[in-house]
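# Chain and residue survey
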Amino acid sequence: MANVSESRARVSFAVLNALVAVILLVGVFGLMHPRFWAVDCPAALLAGVELVSAVALLARLPWALRALSIAAWVTFVGGLLLVALIVLTMVFLRSVHGEDGMVATAVSGLVLALLVPYTLLLPAVQLLWLKGRVGERES
Amino acid sequence: MTLRGLARVLLAYALALVVLSLILWRALRLDRTRAPSGTTIVSLWRGGTRVARSVVTGQAEHVLGLESAVPGSTRSIEQIVDSAPILALNRLVFAASVAPVRDGVSVSYQGRTAYVTPDDLLKIEAYESNLQLGPLQLVLGVDPDKVLASLAGELKTTPDELFRHGSFRRFAVRGDQRFPRRLKDSDVSLAEIKNSVQSAARYLARNQKRDGSFRYEVNAMTGGDAPDYNYPRHAGATYFLARAGNQLKDQRLFRAARQAGAFMKDHATLRCGAHSCVGEGDEVDIGSASLALLAYVELLNGGASEFRDAALDLAAFLRSQQLPSGDFQHFYSVKEQHAINLQVEYYTGEAAFALSRVARISQAAQDLDGARRGLAFLVARPALFLGAHYFWGAEHWTCQVLEDLWQRAPDRRALQFCLDWQAANRNMQYTSPPERPEYDGALSRGPFVSPRLTPLASRLEAAVATLAVARSAGIDAAQLALLEAEIRRGFGFLLRYQFSPGPSYLMPDPRALVGGVPGSPVDLHVRIDYPQHAGDAWLRYLELVEVR
């Protein structure tokens, strides 16, 4: 029973990580022009890490969980930085532009709401699941 | 990571973010509603140049009083109401730290302080600069190079030295605001509109050269001209002048239009296959031909019969460029003598409008049919809107075709299209409050950049055309009222910023600029299409009211 649920979790994480990678790759390299290294490099790194972990999980490779752990940490830390950057930019622009910055604050809030599930929630759940597995093994 | 560990990390993160945000907010914000702090900047302007400045605390009524008695002088008194530090981490953050049109910048360096006020920043055209960040072009509050150069000049140092060692602040001022005009939409009267349209047309006539061409783009802040020229815009300006001359029965305007028409006919007419076309070089576009045709038709309506053959020939050229779908091939290779099947925005609408107008003169069924098919093509939207051929935001000619064709070939689908488009435009229209009063009625371009006048003016041309058709088509009163309010509020914004006379103390040659319509509150250049579109929208509205 435990194996079935672990297997389901692995497949779910693999699919979700692959989805995140595809969204990143299509969004940044398919829709965004022109190219800009400051966006391309982090996006490529993140997508690469997510894809590797997805493939490893699906193929049941021995290092799959380590790859998942790395992907989750990279995404989680990157997510925290990105959210902080957006929030501080919102505050900065609102301070400079006053009421004129209201709409931008609302739009940035929407962007944040769209980002959080992929950049914070998913990796946090993955890290908790990984910790749970270690706990089970130790007990 | 355990659940408790995760919760701790997130809590600490959120707390740190909130604290940082509060610190940033408190440090950087300005309160523009405060009473003046005591520092007053008194500037004396003469001939568009600042000739004296005095920064005082307390009473400033008599400061530079004697100097201001010299004829042609304007004394400007700006009281600082609040200031906040600028994070001069780098030039990008510096540029983003100033709110355009509202903030001035000061710097303290080696015990001295220099100021550039909002007037100074308008004068040196420092607001809303484009900054290249990699391949991305950002529009930021100010051009840091211009601001630093100006401040460094005051303090006799170099911009780099000042940027490294200066302590920068931005400040808000309260002053004797001369520009834009204080005008509510309830003040938008027919007399006001008539005066403005006359003034816009006279601007063009005043800035016409001997050969019939115009000063293409006049920089109000320097008095200088742009070196380039554009035939579609020349034709558009000619069209407006001819219309204004006819409608206002102003012979001077009509003569200027006739001269501008002759310039196109005699200096810019080329052969494109069996027909004539308008432009220069190896390739021409149908935009020039379409707008030239519109101008010729207006000139013919005013009695300038010498344009009849040229008009009919241009109509034949436009028809030859039309595709079976109703769309047009927008370019023609003069060098290789063949049509080029490429499309850009505006031109199909312009061509359809021109064919509709010329059909009244030619009485040719094929002109009317060409216009009708062009309009039908423009308003047919595929199910997947994003895949549409033309951009939704650029439809101002389409709705003028609708109006012109309505009595002869009514198209209810086109009417619905134009009503929908105006509803979309209303969603982009600023309302004060919460927006600042001077921007009421303008179209938003985004929260951090000032609205432009011409995109609004061209949409208002279409809005008035749509209103005219909507009235005769029996559209319900609520929709008509929405359109009327949109138009009135939009006119309010245009009238506020038209140079009547505008910030004349900043201009070296204010008389040349009277009646001109600038690009935006910070772009005080007048290109010939700016007064054309604003003036034509006003003219259409006057025509509509007169018809009623």
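Predicted, not measured: the structure shown is a model, and the values here were computed from it.

## Structural notes on the pairing of strand E3 (residues 73–85) of chain B
Residues and elements named next belong to chain B. Two elements, strand E1 (residues 39–46) and E3, share seven bridges in a ladder whose sense is antiparallel. Bridge pairing in E3 places tryptophan 45 opposite threonine 74. Across seven bridges, the pairing between E3 and strand E8 (residues 167–175) is antiparallel. By the bridge assignment, glutamate 78 is partnered in E8 with glycine 175.

## Remarks on the domain arrangement of chain B
Residue and element names in this part refer to chain B. For chain B, the domain assignment lists domain 1 (34–174) and domain 2 (185–547). When each unit is reduced to the centre of its C-alpha atoms, the spacing between domain 1 and domain 2 is 38 Å. Each partner contributes to the interface: domain 1 provides 14 residues, whereas domain 2 provides 11 residues. Looking at the side of domain 1 that touches domain 2, the elements that each hand over two or more residues are E3, helix H3 (118–123) and strand E6 (127–133).

## Brief notes about the pairing of strand E11 (residues 275–278) of chain B
Residues and elements named next belong to chain B. Relative to E11, strand E10 (residues 269–272) is paired through four bridges, and the arrangement is antiparallel. For threonine 269, the partnering residue across the bridge sits in E11 and is valine 278. Between E10 and the antiparallel strand that follows it, E11, lie two residues; glycine 273 among them carries a positive phi value of about 70 degrees.

## Describing the nonpolar core
Residues and elements named next belong to chain B. Counting residues in hydrophobic clusters, the biggest one holds 151 residues, and the most contacted among them are Leu241, Leu293 and Tyr296. The dominant element in this core, judged by the number of residues it contributes, is helix H15 (residues 453–472), at 12 residues. Domain assignment of the residues forming this core places at least three in each of domain 1 (34–174) and domain 2 (185–547). Ignoring sequence-local partners within four residues, the contact set of tyrosine 296 consists of Gly261, Phe307, Ala310, Ala311 and Leu314.

## Looking at the interface of chain B and chain A
The partner chain A presents 25 residues to the 23 residues of chain B that form the contact. Counting residues per element, the side of chain B that touches chain A draws most heavily on helix H1 (residues 3–28) of chain B, which supplies nine residues. Within the side of chain B that touches chain A, the residues separate by chemical class into 17 nonpolar, four polar and two charged.

Analysis parameters
Residues numbered from 1 in each chain as written. Chains lettered and ligands numbered in written order. Predicted model: local features only at pLDDT ≥ 70, side-chain atom pairs only at ≥ 80, totals over all residues. Pairing = 2+ DSSP bridges. Helix = DSSP H or I, 4+ residues; strand = E, 2+ residues; numbered from the N terminus. Domains from an automatic or database assignment. Contact = placed C-beta atoms within 7 Å. Core = buried A, V, L, I, M, F, W, Y, C linked by C-beta atoms within 7 Å. Buried ≥ 20, exposed ≤ 12 C-beta atoms within 10 Å, placed from the backbone. Nonpolar A, V, L, I, M, F, W, Y, C, P; charged D, E, K, R; others polar.

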